[in-house]
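Topology and contacts: notes
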Amino acid sequence: TGAETFDLVELGPSAGLNLVWDRYGYRYEAGEWGQEDAQLRFEGEERKPIPGGLLELRPTVRARVGIDRAPIDVTTEQGARLLRSFVWAGQDERMRRLDQAIEALRANPPELVRGDYVEELPEVLAAQPRDGLIVVFQTASFGYIGDEGRARVRSVLEEAGEARPLAFISTGKPRTPEEHCWGLRLVYWPGGEREFAGHADFHGSWLQWELS
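Everything quoted here is computed from the prediction, not taken from an experiment.

Another aspect to go through is the packing of aromatic side chains. The description of two aromatic rings rests on the distance between their centres and on the angle between their planes. This model, assessed by the stated rule, comprises six aromatic pairs. Arranged with centres 6.0 Å apart and planes meeting at 50°, the rings of Y26 and W33 form a pair that is tilted. Side by side, Y26 and W33 carry an identical accessibility label, which is buried. Seen from their ring centres, Y26 and F42 are 5.7 Å apart, and the 25° between their planes marks the pair as stacked. Here Y26, found in strand β2 (residues 25–28), pairs with F42, found in strand β4 (residues 41–42); they are 16 residues apart in sequence, far enough to count as distant. Taken together through their ring pairs, the aromatic side chains of W21, Y24, Y26, W33 and F42 make up a single cluster. Above the plane of the ring of W206 lies R47, whose end atom (NZ or CZ) is 3.8 Å from the centre.

A few words now on the pattern of salt bridges. Using the criterion set out here, one finds 16 salt bridges in the structure. Across the pair R64 and D22 runs a salt bridge, and its minimum N-O distance is 2.7 Å. Within this pair, whereas R64 is found in strand β6 (residues 60–68), its partner D22 is found in the loop between β1 (5–11) and β2, the two being separated by 42 residues in sequence. Here R106 ties to E77 by a salt bridge, and the two come within 3.0 Å at their closest N and O atoms. Linking R106 in helix α2 (residues 92–106) with E77 in helix α1 (residues 77–84), this pair joins segments that are 29 residues apart in sequence. By relative accessible area, R106 is classed as partly exposed at 23%. Judged by its relative accessible area of 43%, E77 falls in the partly exposed class. Each of the salt bridges in this network shares a partner with another, and the network as a whole consists of R27, E32, R41 and E43.

The nine strands lie next to each other as β5-β12-β11-β10-β9-β8-β1-β6-β7, forming an open sheet whose pairing is mixed. At either margin of the open sheet sits one strand with a lone partner, and together these are β5 (45–48) and β7 (111–114). For this sheet, the mean angle separating the axes of adjacent strands, direction not counted, is 20°. In this structure, strand β10 (residues 182–189) lies alongside strand β11 (residues 193–200), joined through seven bridges in antiparallel fashion. Bridge pairing in β11 links L186 to E195.

Rules used in this analysis
Residues numbered from 1 in each chain as written. Predicted model: local features only at pLDDT ≥ 70, side-chain atom pairs only at ≥ 80, totals over all residues. Heavy atoms only, no water. Phe/Tyr/Trp six-rings, centres within 6.5 Å; stacked < 30°, edge-to-face > 60°. Buried < 20%, exposed > 50% of the residue type's maximum accessible area, 1.4 Å probe, protein only. Helix = DSSP H or I, 4+ residues; strand = E, 2+ residues; numbered from the N terminus. Lys NZ or Arg CZ within 6 Å of the ring centre and 35° of its normal. Salt bridge = Lys/Arg side-chain N within 4 Å of Asp/Glu carboxyl O. Pairing = 2+ DSSP bridges. Axes fitted to C-alpha atoms, helices over the stretch in contact; angles between N-to-C directions.

Written out as structure tokens, the structure is:
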């Protein structure tokens, strides 16, 4: 889209750890991306490599808002313990990554709105600054709101995208039903242009990038 400033809105963020994605580090075949001093770093199998030019982009995230029926406040020890309780016994590496993500979030926590995002999304979008690109995204929550809820969210996004630049990033069904993984789709407004970005493992162990 050419935008250099993002205002993030996540649907179903839980504690909001994905809202601080730019505070982590990422290692790809073509190079690295993210904060150089990031404690939490990710890498995995690239079934199709990320283009090196993509790693040269350095957008600025200005605002971070998540909407969740039961958000978890990991700036408190009670909230952090609750999130840690969902990690299975013996998954020490996963627990280490979780603790590092919590520390990254605590440096400057995102805003978490309590409510049903199908209902709250119009008001949240209206409150965002109008001089940047709003990036709305969801990673796993669409499966829980039903066809009607998904249709209402898409209608809200269509209407908002008529008035200002907006992008929607969503995981969902893969391109072919026999694949057992996520498909990653992008929609841009104005115009509603759609792109299929690729496939990924449900927990991020591999990525197959499709965009040039």
